[in-house]
Amino acid sequence: MNSSVSPETVRTTCAYCGVGCGVLATREESGAIGIKGDPMHPANFGRLCSKGSALGETVDLEGRLLEPRIGGKPASWDTALDLVASSFAETISEHGPDSVAFYVSGQLLTEDYYVANKLMKGFIGSANIDTNSRLCMSSSVAGHRRAFGSDTVPGTYEDLELADLILLTGSNLAWCHPVLYQRIAAAKAKRPAMRVVLIDPRRTMTSDIADMHLAIKSDGDAALFIGLLGYIAAQAMVDRTYVDRYTSGFEQALAIASSHDLRSISARTGISPEQLREFFNLFTQTERVVTVYSQGVNQSAGGTDKVNAIINCHLATGRIGRPGMGPFSVTGQPNAMGGREVGGLANMLAAHMHIEDEGHRDLVQTFWNSPTIASRPGLKAVDLFNAVRTGKIKALWIMATNPVDSMPEADLVVKALQECPFVVVSDINSVNDTTIHAHVLLPAAGWGEKDGTVTNSERRISRQRPFLPLPGKARPDWWIITQVARRLGFAEAFPYETPAQIFAEHAALSGHGNRGSRDFDISAHSAISDVEYDDLSPFQWPQGRGEAALERRFFSQGEFYTPDQRARFIPVNPVNEEAADPRFAFTLNTGRVRDHWHTMTRTGKSARLSAHFAEPFAEINPLDAAVHGIADASLVKLGNDHGTIIVRALLTDRQARGRIFVPMHWNGQFAGDARVDKLVSANVDPISGQPALKMARVAMKPFEAAWYGFSVMREKPDTTADYWALARAEGGFRLELAGLEEPRDWSAFARRLFGSSTDAPLLAYHDERQGQHRMAIFDNETLIGVLYVAREPVTVSRSWAAEQLTLPFARSHQRFQVLAGRPGKDMPDKGAIVCACFGIGRNEIATAAMNGCRSVEAIGAKLKAGTNCGSCRAEIKGILDTSMVEAAE
Ligand SMILES: Nc1nc2c(c(=O)[nH]1)N[C@H]1C(S)=C(S)[C@@H](COP(=O)(O)OP(=O)(O)OC[C@H]3O[C@@H](n4cnc5c(=O)[nH]c(N)nc54)[C@H](O)[C@@H]3O)O[C@H]1N2
Ligand SMILES: Nc1nc2c(c(=O)[nH]1)N[C@H]1C(S)=C(S)[C@@H](COP(=O)(O)OP(=O)(O)OC[C@H]3O[C@@H](n4cnc5c(=O)[nH]c(N)nc54)[C@H](O)[C@@H]3O)O[C@H]1N2
Ligand code: SF4
Ligand SMILES: [Mo]
């Protein structure tokens, strides 16, 4: 496959999730970037979701870090690199190799990751390199290694289409792996007998394709799969041949399972015995089952046990590694998998070798010809930041991750960074909640500029190719690390001039002393040239020396990577519920929304993506809200001993009572006080070290705002209030506000907010008695800003108001219409944006439904909504369902 499709178009891979979709990126004459799904890429066959489709809107240079900085001041690369190297060298020589650490990311490319890991484990001689994958995949890694002896995902994406039953466990696939969701939805449409079961405490959008939703109690998963194992045995559905030939430990695992009856499983999962029986029957009676799992499983203090409870059921039935069968951990970040391959976790070595294994250490050290090799696991993320805080780690280098927003007990991470003598951050942006604590900031190349490989959830390695020049002084992460390694005296071992050279070394190491003893082997590519690397087509591992690229599954005939080559059943006990602290009555669950990515450093730049959810929120069951005096769209304060946050209340019966869901995305750049990880305890799984990010306890009370405001403005505002949340809009920004006390002079407040240098008059309407204020400034024919204030949450249509920034205002009555905040007949209120691709709002879809559009397809034909990326199809169906119910009433 040629890297270039036409001279202007480049084949690359999406920057976001672990589906790893192929993308065709074209630089258009206008300078805009055209983005299309790559029809040849086996992950997506041309599909893209809303985030992928909007990639072109996130590559501009606004907010980019374009030169190295020391203490906030621009510096040359030489000065910055010398300082990083000398500070690390001094710290190491004074306090030993374990006094320094790297904290890296699944958003690095494999080549970056490989070099970072090599430098730390082989040359600095410590294993203090951990990654945000600790917060993401480490329970899956630990579960795989316990069961299989290796970190292997046995199946392929095709299995999702071949399965007759898919269990989605702790996965909101519709929003987080949208293209896989679409592949399943398409397969199900073709083959309606296919069944999907959703296992999630919330009824998420993914329930749209589910035939059954098990609204499991948080952390009830281990109990559910223990119950299933017992049922499999009781129904004589165990595949004895498979279990006898290829596994060990079945009886011990079964003994625990058999000690729980349906009633006990029901109590632990919150699922009725009838529904449990129905679910168990579905599993036992369907041969082709895939269990997809993600953060509802991994991010738990019992995450590794959950993984093994799932794998136990697949081993017991021999449903693994055959078409349409197997446990399937879907990875989050674009290169979560690549990071595991190079050994980027503190408890791994390179190329899936084990740090505890002396033979493996020897192999790696000889191959690297390195002076040393870390001989024991390093500190895992939570321990690592604790060690920074207590002064054990004195020099820290953070790359491509934003721990001040994404680590549990996030305010302690702030403290750690404030106290650390030397903090280096490599990032693409100059300001985020972490970069502001850096002594040295290093400008990294971003997506579209960087060049290397990533591995997706099905073990497929694809190229990310550049189609933009390196901006300013930005450099690829591998280059930056290589430069520091050379300055530390390791020039010979870090000779790299191109990413292809690094990839070739990585491939060669994977085959070194392997002879079939390790799953990860891509030594077919050990001698890859720069030209071959440029042309590299997506391929799945393994591909050993001399082998052709094939799609392969693992373990249908055993051949596990344990000493006896047998898989291990793990005896798993259900989680014992702890007595909850009565001060904190709610379980706080956290996760993602459809159109934002993590800490919003990229998706926050796109007006389209920001229109779906423009504000941090908490999903609350309406009955709980009523008890606590919380009205829909009011503000709510969530808190515990770690701190508090303020977010919008979104009442929905998709949320069960006693539970609250808050997205992880909002941070100090986009909201006043909504960093949810402040509230999450750093409770970790004892085996994997992965924190229980889905399980905090909080109290909830109304935020007693004296006033609420909503504003759109052309320039980024810097005025704040007790509550604020900022989002991009076409032509400017939109801002939600609220305060405990009214400002004395609203007009002055508005002028400050609009940041306008113009002396154009302020159009204002004040009703002091009702507490209503409306102020706007127009400059010639354009709106500079408008602010609506009320004592209740402002009801003005957000999408309508935001659109006013893009319209000309020739006539004064149009200006007054803006101030009135009421759409005229010629500007109907769209409602909240549902279809990001075509900007179609909820009200438009509901109106079309009332006018006879009865299916997602009919809506598509009329409004185009849902016809491009398809990510909103589940929501359109939801609106159709409610509209039809309302019409029938
Ligand atoms: N839009 C979008 N997509 C993304 C990302 C993003 O930021 N935005 N990030 C990517 C990354 S890095 C990752 S790791 C993936 C994550 O992908 P997912 O794991 O699918 O996403 P989450 O929303 O974190 O959590 C999934 C679900 O777990 C449920 N859950 C919580 N507790 C439990 C429990 O105890 N048991 C069960 N069974 N379920 C539970 C939550 O209610 C939630 O719906 O998404 C990737 N894709
Ligand atoms: N409460 C709660 N917390 C969570 C989660 C949750 O579900 N709930 N999920 C966890 C999970 S699964 C994950 S993966 C993490 C994600 O959390 P983070 O990794 O902290 O989030 P990102 O916003 O993706 O941060 C990536 C950073 O890298 C920068 N960057 C982008 N590209 C490059 C590059 O090429 N090079 C360099 N050097 N920098 C780059 C971006 O500007 C950004 O600052 O959050 C975890 N935290
Ligand atoms: S599903 Fe969406 S975010 Fe994930 S790789 Fe594909 S296009 Fe990118
Ligand atoms: Mo993740």
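Up top is the structure these notes are about.
The structure contained in this document is the topic of the report that follows. Just so it is clear, the structure is predicted and the values come from calculations on it, not from any experiment.

**Quick word on the site of ligand 3**
Around ligand 3 lies a shell formed by Cys-14, Tyr-16, Cys-17, Val-19, Gly-20, Cys-21, Leu-48, Cys-49, Lys-51, Gly-52, Pro-178 and Val-179. Looking at the shell around ligand 3, the elements with two or more residues in it are helix H1 (50-53) and helix H7 (178-190). Per-class residue counts for the shell around ligand 3 are 9 nonpolar, 2 polar and 1 charged.

**Structural notes on the side chain of Thr-498**
Tracing the backbone shows Thr-498 in the loop between helix H20 (477-490) and helix H21 (499-511). Once residues lying within four places of it in the same chain are set aside, the contact partners of Thr-498 are Trp-478 and Asp-530.

**Quick notes on empty space enclosed by the protein**
Empty space among the atoms becomes apparent when a probe as large as a water molecule is rolled across them. Enumeration over the complete set of coordinates arrives at 6 cavities of 30 Å³ or more. Put simply, the second largest cavity is a space of about 120 Å³. If you trace the second largest cavity, you find 15 residues lining it, with Thr-58, Val-59, Ile-428, Trp-447 and Arg-602 closest to the centre. A breakdown of the residues in the lining of the second largest cavity according to their chemical character gives 6 nonpolar, 4 polar and 5 charged.

**Things to note about the sheet that holds strand E15 (residues 395-399)**
Within a sheet, each strand pairs with its neighbour through backbone hydrogen bonds, oriented either parallel or antiparallel. Here we have 7 strands laid out as an open sheet, ordered E6-E5-E17-E16-E15-E7-E8, and mixed in their pairing. Both outer strands of the open sheet, strand E6 (73-74) and strand E8 (129-131), are each paired with one neighbouring strand and no more. Where strand E16 (residues 422-427) lies against strand E17 (residues 440-443), 4 bridges are found, and the strand directions are parallel. Looking at E17, one finds that Val-424 is bridged to Val-440. Lying over the sheet, helix H3 (residues 110-124) contacts strand E7 (100-104), E8 and E15, oriented at roughly 160° with respect to E7. Along the sheet, H20 contacts E15, E16 and E17; its crossing angle with E15, the most-contacted strand, is approximately 160°.

**Observations regarding the environment of Leu-229**
Summarising the element assignment, Leu-229 is placed in helix H8 (residues 221-234). Taking relative accessible area as the criterion, Leu-229 reaches 4% and is therefore assigned buried. Note: C-alpha distance between Leu-229 and Phe-280 (51 residues apart in sequence) is 9.1 Å. Residues contacting Leu-229, with those up to four places away along its chain left out, are Phe-250, Ala-253, Leu-254, Ala-257, Asn-312, Cys-313 and Ala-316.

**What about the site of ligand 1?**
What surrounds ligand 1 is a group of 34 residues, the closest being Asp-200, Asp-221, Ser-294, Arg-592 and His-596. Asp-200 places a polar side-chain atom, nitrogen or oxygen, 2.6 Å from an oxygen atom of ligand 1. Note that an oxygen atom of ligand 1 is positioned 2.8 Å from one of the backbone N or O atoms of Gln-295. Burial of ligand 1 by the surrounding chains reaches 99%, relative to a free accessible area of 910 Å². Counting residues per element, the ones that place at least two in the shell around ligand 1 are helix H6 (173-176), helix H13 (295-298) and strand E22 (586-591). Its residues placed into classes, the shell around ligand 1 shows 9 nonpolar, 16 polar and 9 charged.

**With respect to the packing of helix H2 (residues 77-95) against H20**
At a minimum axis distance of 9 Å, the contact between H2 and H20 shows a crossing angle of 55°. Classified by the interaxial angle, the pair formed by H2 and H20 is oblique. As H2 packs across H20, the resulting crossing turns out to be right-handed. Counting all contacts with H2, which are made through Trp-77, Asp-78, Leu-81, Asp-82, Val-84, Ala-85 and Ala-89, the residues of H20 involved are Trp-479, Ile-480, Gln-483, Val-484, Arg-487 and Leu-488. In terms of residue class, the contact of H2 with H20 is built from 9 nonpolar, 1 polar and 3 charged.

**Details of the packing of aromatic side chains**
The tally for this structure, following the rule as stated, stands at 32 aromatic pairs. An angle of 50° between the planes, with centres 5.6 Å apart, marks the rings of Phe-554 and Phe-555 as tilted. Taking the ring centre of Phe-494 as reference, the NZ or CZ of Lys-118 above it sits at 5.1 Å. Residue placement shows Arg-459 over the ring face of Trp-541; its charged tip is 5.7 Å from the ring centre.

**Points about the sheet that holds strand E28 (residues 707-713)**
The strand order across the open sheet formed by 6 strands is E29-E30-E28-E33-E32-E31, and the pairing between neighbours is antiparallel. Edge strands, defined here as strands with exactly one partner in the open sheet, are strand E29 (723-729) and strand E31 (762-767). In this sheet, neighbouring strand axes are inclined to one another by 10° on average, regardless of whether the strands run parallel or antiparallel. Pairing between E28 and strand E30 (residues 732-739): 7 bridges, direction antiparallel. Its bridge partner lying in E30, Ser-711 is registered against Leu-735. Running over the sheet, helix H25 (residues 746-754) touches E28, E30, E31, strand E32 (772-779) and strand E33 (782-790) and is turned about 135° from E33. Relative to E32, helix H27 (residues 812-820) is tilted by about 145°, and along the sheet it contacts E31, E32 and E33.

**Section: the layout of surface pockets**
Quantified by volume, the largest pocket comes out at close to 1600 Å³. Lining the largest pocket we find 49 residues, and of these His-612, Phe-613, Leu-650, Ala-832 and Arg-842 sit closest to its centre. At the level of secondary structure, the elements contributing two or more residues to the lining of the largest pocket comprise strand E23 (617-620), strand E25 (643-651), E30, helix H26 (798-803), strand E34 (833-835), helix H28 (842-850) and helix H30 (873-888). Looking at the lining of the largest pocket element by element, the count peaks at 8 residues for H30. The space that makes up the second largest pocket amounts to roughly 920 Å³. Grouping the constituent residues of the lining of the second largest pocket by class yields 11 nonpolar, 10 polar and 11 charged. When residues of the lining of the second largest pocket are assigned to domains, at least three map to each of domain 3 (138-329) and domain 4 (586-702).

Procedures and definitions
- Residues numbered from 1 in each chain as written.
- Chains lettered and ligands numbered in written order.
- Predicted model: local features only at pLDDT ≥ 70, side-chain atom pairs only at ≥ 80, totals over all residues.
- Heavy atoms only, no water.
- Near = heavy atom within 4 Å.
- Helix = DSSP H or I, 4+ residues; strand = E, 2+ residues; numbered from the N terminus.
- Nonpolar A, V, L, I, M, F, W, Y, C, P; charged D, E, K, R; others polar.
- Contact = heavy atoms within 4.5 Å.
- 1 Å grid on protein atoms, 1.4 Å probe; cavity = no way out; pocket = protein on both sides within 12 Å on 5 of 7 lines; lining within 4 Å.
- Points joined across faces, edges and corners; volume = space filled by probe spheres on them.
- Pairing = 2+ DSSP bridges.
- Axes fitted to C-alpha atoms, helices over the stretch in contact; angles between N-to-C directions.
- Buried < 20%, exposed > 50% of the residue type's maximum accessible area, 1.4 Å probe, protein only.
- Polar contact = N/O pair within 3.5 Å; in protein donor to acceptor, adjacent residues only side chain to side chain.
- Areas by Shrake-Rupley, 256 points an atom, 1.4 Å probe, with all protein chains shown as cover.
- Parallel < 35°, antiparallel > 145°, perpendicular 65-115°, else oblique.
- Left-handed = near helix turned anticlockwise from the far one by under 90°.
- Phe/Tyr/Trp six-rings, centres within 6.5 Å; stacked < 30°, edge-to-face > 60°.
- Lys NZ or Arg CZ within 6 Å of the ring centre and 35° of its normal.
- Domains from an automatic or database assignment.

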